[in-house]
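For reference, the chains in residue letters:
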Amino acid sequence: MLGSSARINYNLRPSKHVERKMMCEAFRRLSEFGTVESYRYIGFGSFYFRDFALIHKALGISNMTSIEREEDEEDKKRFQFNLPYSCVKMAFGESSAVLPTLPWDVRTILWLDYDFSLDASVLGDVAHFCANACAGSVIVVSLNAHPDNRDKTPVNTLKEKVGENEVPVDLIDAHLKEWGKASAFRRIITNKVSEALNIRNGTRAQGSRFVFKQLFNFHYRDNAMMVTVGGVLYEQGQEPLVAKCAFDHLPFVRAGEDAYRIEIPRLTYKEIRHLDEQLPVLQSLELNANGIPAEDLELYSRLYRYFPNFAEADL
Amino acid sequence: MENKPDPKVVEAYPTKDFFITMLVKDIELIRAILDLVDNSVDGARRIRTEGNYGGLTVRIELSAAQFKITDNCGGIPVDVARHYAFRFGRPSTMPKTLRSVGQFGVGMKRALFKLGKHFKVESTTTASTFVIDVNVEDWKQDDKWQFDFKELKEGRKTDLKKTGTTVLVTDLHDSVGQEFALETFQSKLKREIEAAHQESMERGIAISLNKLPLQFRPNELLNSDELRPAFEEFVPEIYKNKTPVTVKLFAGVGKSDPIAAGWSIYCNGRLVLESDQTLVTGWGEGGGKVIPKFHNQFARFRGYIFFDSDDAELLPWNTTKTGVDSDSGLYKAVRQKMVAMMRPVIDFLNKLDAEKDKGGTDKPLTDIVAEAGAVRLAAVHQGSFHYAARSAQRPTPPAEQKISYMKPTDRIKKVKAAMRVSTLKEVGEKTFDYYYVNECED
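These numbers come from a predicted model, not from an experiment.

All chains considered together, the criterion is met by 38 salt bridges over all chains. In this structure, the salt-bridge partner of A:Glu195 is A:Lys192, at a minimum N-O distance of 3.0 Å. Residue A:Glu195 and its partner A:Lys192 are located together in helix H7 (residues 180-201), separated by 3 residues, close to a single helical turn. Each member of the pair, A:Glu195 together with A:Lys192, is buried. Here B:Glu274 makes a salt bridge to B:Arg191, at a shortest N to O gap of 3.1 Å. With B:Glu274 in strand S14 (residues 270-276) and B:Arg191 in helix H7 (residues 183-196), this pair connects stretches of sequence that are 83 residues apart.

This part is about the interface of chain B and chain A. Contact with chain B, which involves 13 residues of that partner, is made by 14 residues of chain A. A combined buried area of about 1300 Å² lies between chain B and chain A, and 45% of that area is made up of carbon and sulfur atoms. The tally of links between chain B and chain A comes to 4 salt bridges. Across the salt bridge formed by B:Arg217 and A:Glu164, the nearest N and O atoms sit 2.3 Å from each other. Where the side of chain B that touches chain A is concerned, the elements lending two or more residues are helix H6 (174-180) and H7 of chain B. Among the elements that line the side of chain B that touches chain A, the one with the most residues is H7(B), at 7 residues.

Right, let's talk about the packing of helix H11 (residues 409-419) of chain B against helix H12 (residues 424-440) of chain B for a bit. Residues and elements named next belong to chain B. Where H11 contacts H12, the axes come no closer than 10 Å and their chain directions differ by 75 degrees. Looking at the two axes, H11 sits roughly perpendicular to H12. Contact with H11, carried on its side by Ile412, Val415, Lys416 and Met419, involves Leu424, Val427, Lys430 and Thr431 of H12 and no other residues of that element. Of the residues belonging to the contact of H11 with H12, the class tally is 5 nonpolar, 1 polar and 2 charged.

A separate point is the domain arrangement of chain A. Each assigned domain of chain A is listed with its residue range as follows: domain 1 (4-262) and domain 2 (269-306). If you average the C-alpha positions of domain 1 of chain A and of domain 2 of chain A, the two centres end up 30 Å apart.

This paragraph deals with the domain arrangement of chain B. All names here are of chain B. By domain assignment, chain B separates into domain 1 (16-213) and domain 2 (220-387). Of note, the centres of domain 1 and domain 2, computed from C-alpha atoms alone, are 32 Å apart. In this assembly, 24 residues from domain 1 lie in contact with 20 residues from domain 2. Of the roughly 1800 Å² buried at the junction of domain 1 and domain 2 (both faces included), carbon and sulfur atoms supply 45%. Between the two partners, domain 1 and domain 2, sit 5 salt bridges. Between Arg376 and Glu202 there is a salt bridge, and its shortest N-O distance comes to 3.2 Å. At the boundary of domain 1 with domain 2, the tally comes to 10 residue pairs in polar contact (both at pLDDT 80 or more). For the side of domain 1 that touches domain 2, the elements supplying multiple residues, two or more each, are helix H2 (29-47), H7 and helix H8 (198-202). Broken down by element, the side of domain 1 that touches domain 2 gets its largest block of residues, 5 residues, from H2. Looking at the side of domain 1 that touches domain 2 residue by residue, the classes come out as 7 nonpolar, 6 polar and 11 charged.

Conventions adopted
Residues numbered from 1 in each chain as written. Chains lettered and ligands numbered in written order. Predicted model: local features only at pLDDT ≥ 70, side-chain atom pairs only at ≥ 80, totals over all residues. Heavy atoms only, no water. Salt bridge = Lys/Arg side-chain N within 4 Å of Asp/Glu carboxyl O. Helix = DSSP H or I, 4+ residues; strand = E, 2+ residues; numbered from the N terminus. Buried < 20%, exposed > 50% of the residue type's maximum accessible area, 1.4 Å probe, protein only. Contact = heavy atoms within 4.5 Å. Buried area = accessible area lost by both parts, 1.4 Å probe. Axes fitted to C-alpha atoms, helices over the stretch in contact; angles between N-to-C directions. Parallel < 35°, antiparallel > 145°, perpendicular 65-115°, else oblique. Nonpolar A, V, L, I, M, F, W, Y, C, P; charged D, E, K, R; others polar. Domains from an automatic or database assignment. Polar contact = N/O pair within 3.5 Å; in protein donor to acceptor, adjacent residues only side chain to side chain.

Set out below in structure tokens:
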């Protein structure tokens, strides 16, 4: 057993880090719709603005808004103080209150990285995006999907949280165990997307109707089990454009129920350097393992490009 | 040979196009499907007059491509099909189904036109089988107001168990197919059928949606010795010597749920108005002075009204079964009773709310609500709304209490010195004891 000091500090949420980098790689491919730097990014930056920093640095996006529900004036100052770049604007209030105040005629990447579980307000935000966002825009929703094992009637609990009509008719309590809860969340969210687009398309001609293509369906856990669902909105006529983006060539892109599970191999810094020197390889079997378990080799060879460059300090 | 038009005749018959457009405009998609379920339920009522529908099924299957509803509820007799079932509006000569839920003679046709452009109705009774297959666009071009049997077999015996009706609609309207493809639509439909057909499901009819059995959801009210719902049953006087209309009214307290709160109205067991919170059912009566407008503090209010009659025409529903006919004399009279019945419940809920805001631990009304169990309406006895808060227990005063006061520092110093103590606490305690020993002790 390795001493914990030799390993990566899991408080730094490595899975989240990997997810962020993977999504960033997918966002780069949006350039078929228009230059990526002309996109707007909306997120929940918290005090750390990690997603903002990455997206500004990697994609050059400078139209950025961070939504924060904090109402306390002193805390608001703290957010302003922590802004990483001058191009990031703060918008204070619940996302459900802020989103309708923003213009939606600019191509947007909206990452709703909630620090809670699925509820009616989340679906309201999703519906607002689908009803208003312009073609080429991306929505991503991250939620805590950790099952509550003490809850004996999870389907009823879910109905109370999101509204009965949102819960698929065939969902039973047993489906909400383990990663099942994350899968149910994805289904409910994509149902909401379909419903909202159906309404929006009601007055649009064939060819210019909006379509949603799911790109992300991540399952991961840093502590709690989390799910991230996301995709791009476009008009039927833009199908060839979407094909050119070649999202499906990205190994982590998932268009359906099947989730991409982000699992972080347990490696030491020395092992990471040892493997990096050999990568890329076609098959992880080709790697000189030096005692590293096969499944960790496999995981690392899939993730290494997105792996956090952790030092002991998180600067 | 062509008939010359009579110059004295002014044409007034409807065009089919106009007729269909008007007909389907008034109904929501889900309501149209509920109408088709109503037809099956009426079938059950015809063959099971004793009211036990065990073994009867209604299966609904829908997708982006088609809609199908199949029942084993007795089928439509050829004669009824020939003369009544497919006519627009019901001739008064038509034999009546007792306690029917479809009585206007538009439900099935309206639903079929609402859903799509091609429909096929196949029905088998113990004595006959027929198939009607209609392409709506072709039918519109034809001047004749009739459908033709595609198949017809009369005078042969079929076992009652094998009877029933299947309605299949294909070539769905675009918007309908798109809705059917949504899982959220299916959830909505499931919930609405469950609410609308509670009574029939309680009597044993099994309804499924895309092979998934629907659930029976009983109406419940909190009931205990200390918290009793109101229940009144009566036959209004004018109906006493004719076909009677029975009215049952329930009002009381349920689970706190601002969406489920309000009045629900049933006609012949079919829900027509769900959890209403508007003036239609008395909320805001008298400009809010008699009955307040609905507000979330009444989230526990539940009222149920059941109108029942062998003659469905006497009941105060509208043709889409989405509400009551507020102009009906019967409904107006019942509404008066509803207003009277909800007042004490509202007073109770106001007090309950005030108790919550008050703070403290003594909450007798909250306690009786928490301790009352939910019962089905059938278990509620006739009587008015009643609650009995247990006499509030006086809180026993604590055995010890704290005193604190301010005095000038120089004087405290002198007292400290005189008592030979060092802390303020001791100063306080000793001065108190000194007074007590000298002035209070016997």
